[in-house]
Amino acid sequence: MDDAEVMIGPVNLAARVDEALAVQALAFGLDADEIAVRRHIVLRHLLNPGARAYGATTPEGKLVGFVYGMPNDRGHWWSTVVEAYLRATGTVDWLDDSFVITELHVHPDYQGRGVGRELITTITDESAQPRSILSAIDTDSPARGLYRSLGYEDLARQVHFPSAVRPYAVMGASLPLKRRN
């Protein structure tokens, strides 16, 4: 990681959910109403078997990034939405035996320093599943560039989630994720 002042490690995301959502609001452009909805979702997700979270903190203890995820479960809302899209592309088997990256966000002041890369590789390195899946806004963005550099490939594009204005892409990668040469 390029920023030696940021430490990556396990984080009690339930205890720091408001800090994490403040980072997500800045990184993802969320308003107060969206944050309130996501707060309940994050806390519910963390109760799932195998759910894990890592944070990026400054020496002062400020949370500047986080990632969380869990083994995928076809019964979860996200899987039920993406299943038809994956079935259409012949990749529906990715919903089985995969670790899903539920959220990954880095404060804008810390983006481009390797923080997101370190968060996602750290959490997936701990996975018992042989692959990982995630969804990202379906646009050419730094986040999608990061995911591609780690080995994620598009499984389905133009995925529409209820309540989301922009379409998403579902991406998958074999684990362990690729490292820089």
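Just above sits the structure.
Treat the numbers as computed from the prediction; the structure is a model and nothing was measured.

**Observations concerning the overall build of the chain**
Alright, step 1. Along the backbone of the chain there are five helices and seven strands.
Alright, step 2. Of the regular secondary structure in the chain, the N- to C-terminal order runs β-α-α-β-β-α-β-α-β-α-β-β.
Alright, step 3. The C-alpha radius of gyration of the chain comes to 15 Å, within 12% of the 16 Å expected for a compact globule of 181 residues.
Alright, step 4. Referenced to the eigenvectors of the C-alpha coordinate spread, the extents of the chain come out at roughly 50 × 40 × 30 Å.
Alright, step 5. The buried share of the chain, taken over its 181 residues, is 49%.
Alright, step 6. Contacts in the chain between residues far apart in sequence, at least 24 positions, make up 67% of those at least 6 positions apart.

**What about the environment of Asp96?**
Alright, step 1. Take Asp96: it is sitting in the loop between α3 (77-88) and β4 (98-106).
Alright, step 2. With relative accessibility at 36%, the residue Asp96 sits in the partly exposed group.
Alright, step 3. A C-alpha to C-alpha distance of 10.0 Å links Asp96 and Ser132, two positions 36 residues apart in sequence.
Alright, step 4. If near-sequence neighbours (up to four positions away) are discounted, Asp96 is found in contact with Arg74 and Arg131.

**Re the packing of aromatic side chains**
Alright, step 1. Under the counting rule described, the total for this entry stands at three aromatic pairs.
Alright, step 2. Geometrically, the ring pair formed by Tyr147 and Tyr152 is edge-to-face, given 5.9 Å between the ring centres and 65° between the ring planes.
Alright, step 3. On the basis of relative accessible area, Tyr147 is assigned to the buried category, the value being 7%.
Alright, step 4. Measuring from centroid to centroid gives 5.2 Å for Phe161 and Tyr168, while their planes differ by 85°, and the two rings are edge-to-face.
Alright, step 5. Among the aromatic residues, ring-to-ring pairing joins Trp77, Phe161 and Tyr168 into one connected group.
Alright, step 6. Above the plane of the ring of Tyr110 lies Arg113, whose end atom (NZ or CZ) is 4.8 Å from the centre.
Alright, step 7. Against the face of Trp94 rests Arg131, its NZ or CZ located 4.7 Å from the ring centre.

**Quick notes on the sheet that holds strand β6 (residues 153-159)**
Alright, step 1. Spatially, the seven strands line up as an open sheet ordered β1-β2-β3-β4-β5-β7-β6, and their pairing is mixed. The open sheet has two free edges, formed respectively by β1 (7-10) and β6, since each of these has just one partner strand. Direction aside, the axes of adjacent strands within the sheet are offset by 20° on average.
Alright, step 2. Inspection of the sheet shows β4 paired to strand β5 (residues 131-137) by three bridges, in the parallel sense. When the sheet's bridge partners are listed, Val100 is paired in β5 with Ile133.
Alright, step 3. Strands in contact with helix α4 (residues 115-125) are β1, β2 (52-57), β3 (63-71), β4 and β5; relative to β4, the strand with the most contacts, it is inclined by about 155°.

**Re helix α5 (residues 142-149)**
Alright, step 1. Where α5 is concerned, the buried positions are Arg144, Leu146 and Tyr147. For α5, the buried positions fall inside an angular range of 155° around the axis, keeping them on one side.
Alright, step 2. Within two residues after α5, Gly151 carries a phi angle of roughly 110°, on the positive side.

**Description of the nonpolar core**
Alright, step 1. Judged by nonpolar contacts, the single largest core of 30 residues is most densely connected at Trp78, Val82 and Leu86.
Alright, step 2. Residue assignment for this core shows that the elements contributing at least two residues are α1 (17-28), α2 (32-45), β3, α3, β5, β6 and β7 (168-174).
Alright, step 3. Among all residues touching Leu86, those that are not within four sequence positions of it are Thr91, Val92, Leu95, Leu155, Ala156 and Val170.
Alright, step 4. Of all hydrophobic cores here, the second largest spans 24 residues; its members include Val67, Phe99, Leu104 and Ile123.

Thresholds applied
Residues numbered from 1 in each chain as written. Predicted model: local features only at pLDDT ≥ 70, side-chain atom pairs only at ≥ 80, totals over all residues. Heavy atoms only, no water. Helix = DSSP H or I, 4+ residues; strand = E, 2+ residues; numbered from the N terminus. Rg over C-alpha atoms; globule rule 2.2 N^0.38 Å. Buried < 20%, exposed > 50% of the residue type's maximum accessible area, 1.4 Å probe, protein only. Contact = heavy atoms within 4.5 Å. Phe/Tyr/Trp six-rings, centres within 6.5 Å; stacked < 30°, edge-to-face > 60°. Lys NZ or Arg CZ within 6 Å of the ring centre and 35° of its normal. Pairing = 2+ DSSP bridges. Axes fitted to C-alpha atoms, helices over the stretch in contact; angles between N-to-C directions. Arc of directions from axis to C-beta. Core = buried A, V, L, I, M, F, W, Y, C linked by side-chain atoms within 4.5 Å.

So far we have only geometry, and geometry alone does not tell us how the molecule works.
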